[in-house]
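Structural overview for review
If you want the building blocks of each chain, they are given just below.
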Amino acid sequence: DAGVIQSPRHEVTEMGQEVTLRCKPISGHDYLFWYRQTMMRGLELLIYFNNNVPIDDSGMPEDRFSAKMPNASFSTLKIQPSEPRDSAVYFCASSRSGGGVETQYFGPGTRLLVL
Amino acid sequence: TQLLEQSPQFLSIQEGENLTVYCNSSSVFSSLQWYRQEPGEGPVLLVTVVTGGEVKKLKRLTFQFGDARKDSSLHITAAQPGDTGLYLCAGYNNNDMRFGAGTRLTVKP
C-alpha cells in the first residue's frame, strides 16, 4: 500500500496567491481529514469527510479556506488569497470506519510558506 | 486553550534514562490515542486505550489511561536515540478527535 500521498511536499508562495494542496487517501478508506500543524497551535483539525461528504468544517479558519473531495481517491485544500499566517505544515489523513476509534494514517505533509 | 494539555512541552535526556510524559484534560474521552511524529513526516499511531485504568505495553513503552478517562501517561524505559520525536496524544469522543500540542523528546546518545 502506498500510504496517503500529498502534493506538493513544499510550497513557497507570495501573499495573495492561491494555494492548492492535494491528497490521495489510502484505497478503501472512507474518512479523510485535513490538519494544520504549527509550533504555536499544534495539530489542528480543519475539516473531515466521510464518503466524500464534508461532515465537520468547524476547524476551517475562515472563508479563504475551502476543501473538496470530488471522489474517493482525491481531495484538495485551497487557500485563496493566502496570507503569511497560513504558513504551516498541512497534513492529510485517512481512516476506515469500523464502528469504533480507527487508526488515522497520515501523509507526509505539505510544508507551506507564504511570504 | 488546548483541550488536551501535554507536559512537558520539551524533554531532553541521555540514552538509557527513563521518562514519563503526560496528557491531561478536564474532558472525559471514550478513548485516547498516542502518536509519534518524526521530523518531516506525519504522525504514526502507537496505541489506542479505551478502558479507564487500562495499561498497554509496546516493548519499552508503557501507556496508561486514567481511571476517569481524562488523562493518560506514556512511560519509556531505557530511552534510545531512536525514540526521539514528537509524541502526541489525541482524545476521541463522538466522531470527534482532538490532538494535544505534543511533547518533543530528544534522546542523546
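The structure presented is a predicted model; accordingly, all values stated were derived computationally and were not measured. (Residues numbered from 1 in each chain as written. Chains lettered and ligands numbered in written order. Predicted model: local features only at pLDDT ≥ 70, side-chain atom pairs only at ≥ 80, totals over all residues. Heavy atoms only, no water.)

A closer look at the layout of surface pockets
Considering only enclosed or pocket space, the largest pocket measures out at about 480 Å³ in volume. Around the largest pocket, the lining comprises 28 residues; the ones closest to its centre are A:Q37, A:M39, B:Q37, B:L86 and B:R104. Broken down by secondary-structure element, the contributors of at least two residues to the lining of the largest pocket are β4 (31-38), β9 (88-95) and β11 (110-114) of chain A together with β9 (85-93) and β11 (103-108) of chain B. No other element matches the 3 residues that β11(B) contributes to the lining of the largest pocket. Residues that form the lining of the largest pocket fall into these classes: 10 nonpolar, 13 polar and 5 charged. (1 Å grid on protein atoms, 1.4 Å probe; cavity = no way out; pocket = protein on both sides within 12 Å on 5 of 7 lines; lining within 4 Å. Points joined across faces, edges and corners; volume = space filled by probe spheres on them. Helix = DSSP H or I, 4+ residues; strand = E, 2+ residues; numbered from the N terminus. Nonpolar A, V, L, I, M, F, W, Y, C, P; charged D, E, K, R; others polar.)

Side note on the state of the cysteines
The full count for this structure, using the stated rule, is 2 disulfides over all chains. Between the sulfur of A:C23 and that of A:C92 lies a disulfide, 1.9 Å long from S to S. Measuring the twist about the S-S bond at about -65°, one finds the A:C23-A:C92 disulfide to be left-handed. Of this pair, A:C23 sits in strand β3 (residues 19-24) while A:C92 sits in strand β9; the two residues are 69 residues apart in sequence, bridging distant segments of the chain. Note on accessibility: A:C23 and A:C92 belong to one class, buried. Residue B:C23 pairs covalently with B:C89 via a disulfide, S to S 2.0 Å. What sets the handedness of the B:C23 and B:C89 disulfide is the S-S torsion sign, and at about 75° it is right-handed. One end of the pair, B:C23, is in strand β3 (residues 19-24); the other, B:C89, is in strand β9, and 66 residues separate them in sequence. Note on accessibility: B:C23 and B:C89 belong to one class, buried. (Disulfide = S-S within 2.5 Å. Buried < 20%, exposed > 50% of the residue type's maximum accessible area, 1.4 Å probe, protein only.)

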